[in-house]
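The chain contents come next:
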Amino acid sequence: MKSLLKSTAPPAVRSLVFFALRSSISSTTQSSYSTPSTLIDDFTRFCYERDLGRAMNALASLQNHRIRADSITYSELIKCCLAKGAIEEGKQVHKHLYSDGYEPKMFLNNILLNMYVKFYLLDEARTLFEQMPERNVVSWTTMISAFSNVKLNEDALKYLILMHREGVMPNMFTYSSVLKACDGLETLPQLHCGIIKTGLDSDVYVRSALIDIYSKWGELDNGFLVFNEMATRDLIVWNSIIGGFAQNDNGDDALNLFKSMKRAGFPANQATLTSVLRACTGLVLLELGRQVHAHVIKEEEDLILHNALLDMYCKCGSLEDADSVFERMIKKDVISWSTMIAGLAQNGRTVDALQLFESMKASGTTPNYITIVGVLFACSHAGLVEDGWYYFRSMKRLFGIDPGREHYGCIVDLLGRAGKLDEAVKFIHGMEIEPDAVTWRTLLGACKVHKNVEIATYAAEQILKLEPHDEGTYILLSNIYANSKRWEDAAEVRKTMRDRRVKKEPGCSWIEVAKEVHAFVVRDESHPQIDKISRELNLLIQRISIMGYVPDTNFALHDLEGEQKEDSLLYHSEKLAIVFGLINLPKEKPVRIMKNLRICGDCHAFAKLVSKIENRHIVIRDPVRYHHFKDGVCSCGDYW
DNA sequence: ATTGACGAAG
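Note that the coordinates shown come from a computational prediction; the quantities given were computed from them, not determined experimentally.

**So, the nonpolar core**
Grouped together as the largest cluster of nonpolar side chains are 160 residues, with contacts concentrated most on Phe-43, Leu-77, Leu-179 and Leu-443. Judged by nonpolar contacts, the second largest core, of 32 residues, contains Ile-544, Cys-603, Ala-607 and Ile-618.

And the structure:
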């Protein structure tokens, strides 16, 4: 009998044999209107036709008759439950399969496991896994991938070890799942070694997972090595490496690789374009971003890609485009709304940002942690202290979100910018989270705006305790001392910088003109047009001086004497970039500039006046926010 | 039967 079961007979025959087997050991009640064999036929048909309702009825009859169908048929039924999201039905099938002391085959158990995993019923999956008499590489891999998908990294890695202990060897499926669960930079090389030892590093799936995890841990060099070693690459591997560079703020290399990919003959898909957009966002390449957009509309609407588009337009300071993309989007998720809210806030459209937050709630989309960061950011950047406090206090009650570090940071910013520095300090001391360097830096920034030397010194001390080499803190502190004419203190700070070998990052500004990116560094004279730029800059300054512009030497780092100070201010990179843009861009185009450091007050005043006399729209994006200069006014309302 | 890529803040 046993050998018959293993024969190559068609499923229906095997079921009948099985029925015969079982009926001899249990008393069955036969239905008057259908024989067991037609029951099985019906059941099989319903399963293959994906008719879940009828299949479940038939399953109940089978259960009553204590009959079993073929394993393959059951696997079809489970797939059907999965496709329809029918959790309860899936559980019933499980129960049926284990009724009467019967043990399903391993492959059927694996399918059940997979079903529980896909339904995110990890406890059920675990219980089943524990009771399975036999587990093969698929069973283990299913569990491992379940764990790594929900970030239960420790469990995923633990199971990898356990499977080794049981003598089951991982395969490429296992490795590409477990890599995601890499718990830190220590586990990654170990895993990589294991992969190389088994020779599985030749698999494209494993490779792309390796590239991905290396880039997620900021080890892009290693990711690139893996990429370079590959003899054959597919689209996803290209996307992994391009995405890796884009996410690590290396837009240049991402774009170069994108070009290589096209040369290698791979057409970009939506994931590729999303990464390219992200690279454009990072580099403020609005024109290139627009070209990508032109490709995008040809494809059917992809939510992720459109969210990236939204972000690109916001971060490139083109809110008209962002608005129109947002309005036309058919589907919007929490990321679309959050992107737009934060984008409006960063670009100074605070009221619109808060209104959009209301529309979001009205649309039925639940705000999440990041949405609230954007909302608080909007309040803090507009000085809306009351509103900010309201949202902060009620976020837990209204949205069930516990305030995190970023939210606390926004409140510090809110109080600090509004000049309530003492309150901000009190707030930090009362925080439920240990303040980190970012928190203190926020306070320090506010001290600079409000010229509060005492609290600034205190904040700087806290930062330097945590990050002794933080150049920005030294610079800010020394500027604050210089502003209050405490030259000795300022000199002391710079001495400490030298002693600790902390270097000042030079100010740098970028501008895109005719598909080329031009970078300017303070007092950099290497640009081919530098003479023309200097001449124009001097002319401009003369013209705006008549309107009352006086270089604000408070923003010069060094305690130099008068004219020299003005001189170094003159060559701040954003001034060079603005002039370059004025000269080289068509009159109707806005001058868009990106800066690596925050804009200084002098350049801010300069840009306002220039926007007026030249009648130009100037947009400057610094690492935190955007300044839209138009007709002598800035969108930030001089509050930044 | 089990595997890889893309989006929001700081």
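From this point, things continue past the structure.
**Focus: a nonpolar patch on the surface**
A contiguous nonpolar patch, built from Tyr-48, Ile-72 and Phe-107 and spanning about 270 Å² of accessible area, is present on the exposed surface. Its place among the elements puts Tyr-48 in helix α3 (residues 36-48). Judged by relative accessible area, which is 43%, Tyr-48 ranks as partly exposed.

**Here we look at the pairing of strand β3 (residues 591-595)**
For β3, the buried fraction is high: 5 of the 5 residues fall into the buried class. Bridge analysis of strand β1 (residues 508-513) against β3 gives 3 bridges, and the strand direction is antiparallel. Looking across to β3, one finds that Ile-511 is bridged to Ile-593. Pairing analysis gives 4 bridges linking β3 to strand β4 (residues 618-621), with the strands arranged parallel. In the sheet register, Met-594 faces β4, and the bridge partner there is Arg-621. In this region the chain leaves β3, passes through helix α34 (residues 601-613) and returns to the parallel neighbour β4; the handedness of that crossover is right-handed.

**Regarding helix α15 (residues 235-247)**
For α15, with 13 residues, the first-to-last C-alpha span of 18 Å sits near the 18 Å given by 1.5 Å per residue. In terms of burial, α15 is largely enclosed, as 10 of its 13 residues are buried. Close packing links the buried residues of α15 with α13 (204-216), α14 (220-228), α16 (251-263) and α17 (270-283). Asp-249, located one to two residues past α15, shows a positive phi value of around 60 degrees.

**Some points on unusual backbone geometry**
With phi around 55 degrees, Asp-100 is a residue other than glycine that occupies positive phi space. Structurally, Asp-100 can be placed in the loop between α6 (87-97) and α7 (106-118). Relative accessible area serves as the criterion here: at 38%, Asp-100 is assigned to the partly exposed category. A positive phi angle is found at Asp-249, which is not glycine, with a value near 60 degrees. Within the element layout of this structure, Asp-249 appears in the loop between α15 and α16.

**Notes on the packing of helix α27 (residues 437-450) against helix α29 (residues 471-483)**
Contact geometry for α27 and α29: axes closest at 10 Å, N-to-C directions at 25 degrees. One way to sum up the angle between α27 and α29 is to call them roughly parallel. Note that α27 runs across α29; the crossing there is left-handed. Each of Arg-441, Leu-444, Cys-447 and Lys-448 in α27 lies in contact with α29, whose residues at this interface are Thr-473, Leu-476, Asn-479 and Ile-480.

**Some points on the UniProt feature "repeat: PPR" (unreviewed entry) in chain A**
In this numbering, the UniProt entry assigns the feature "repeat: PPR" (unreviewed entry) to residues 70-104, 136-170, 234-268, 302-332, 333-367 and 470-504. This span, residues 333-367, is 74% helix and 0% strand, and a straight line between its end C-alpha atoms measures 10 Å. In residues 470-504, the share of helix is 74% and the share of strand is 0%. The end C-alpha atoms are 9 Å apart.

**Some words on the pairing of strand β5 (residues 626-630)**
Moving residue by residue along a regular strand, the side chains alternate between the two faces of the sheet. Counting buried positions over the 5 residues of β5 gives 4, a clear majority of the element. Looking at chain direction, β4 and β5 are connected through 4 bridges and run antiparallel. Residue Val-619 lies in a different strand from β5, and its bridge partner there is His-628. Connecting β4 to the next strand, β5, in antiparallel fashion are 4 residues. The pairing of β5 with strand β6 (residues 633-634) spans 2 bridges and is classified as antiparallel. Looking at the pairing, Lys-630 lines up with Val-633 of β6. Where β5 folds back onto β6 in an antiparallel hairpin, the turn is made up of 2 residues, including Asp-631, whose phi is positive at roughly 50 degrees.

**Observations regarding the protein's contact with DNA strand B**
Near DNA strand B there are 47 residues, and of these Asn-110, Ser-176, Asn-307, Lys-315 and Asp-333 occur at the shortest range. Within 4 Å of the protein, the atoms of DNA strand B are drawn from sugar and phosphate moieties in a proportion of 39%. Asn-136 is positioned such that a nitrogen or oxygen atom in its side chain is 2.7 Å from a base nitrogen of DNA strand B. Contact between DNA strand B and Ser-176: a base oxygen at 2.5 Å from a side-chain N or O atom of the residue. Of the residues assigned to the surface near DNA strand B, the class counts are 17 nonpolar, 20 polar and 10 charged.

Thresholds applied
Residues numbered from 1 in each chain as written. Chains lettered and ligands numbered in written order. Predicted model: local features only at pLDDT ≥ 70, side-chain atom pairs only at ≥ 80, totals over all residues. Heavy atoms only, no water. Core = buried A, V, L, I, M, F, W, Y, C linked by side-chain atoms within 4.5 Å. Buried < 20%, exposed > 50% of the residue type's maximum accessible area, 1.4 Å probe, protein only. Patch = residues over 30% accessible without salt bridge, like charges linked within 9 Å, V, L, I, M, F, W, Y side chains within 5 Å. Areas by Shrake-Rupley, 256 points an atom, 1.4 Å probe, with all protein chains shown as cover. Salt bridge = Lys/Arg side-chain N within 4 Å of Asp/Glu carboxyl O. Helix = DSSP H or I, 4+ residues; strand = E, 2+ residues; numbered from the N terminus. Pairing = 2+ DSSP bridges. Right-handed = clockwise from strand over helix to strand, strands pointing away. Expected span 1.5 Å × (residues − 1). Contact = heavy atoms within 4.5 Å. Axes fitted to C-alpha atoms, helices over the stretch in contact; angles between N-to-C directions. Parallel < 35°, antiparallel > 145°, perpendicular 65-115°, else oblique. Left-handed = near helix turned anticlockwise from the far one by under 90°. UniProt positions renumbered as here; feature names shortened; annotations may be inferred. Near = heavy atom within 4 Å. Polar contact = N/O pair within 3.5 Å; in protein donor to acceptor, adjacent residues only side chain to side chain. Nonpolar A, V, L, I, M, F, W, Y, C, P; charged D, E, K, R; others polar.

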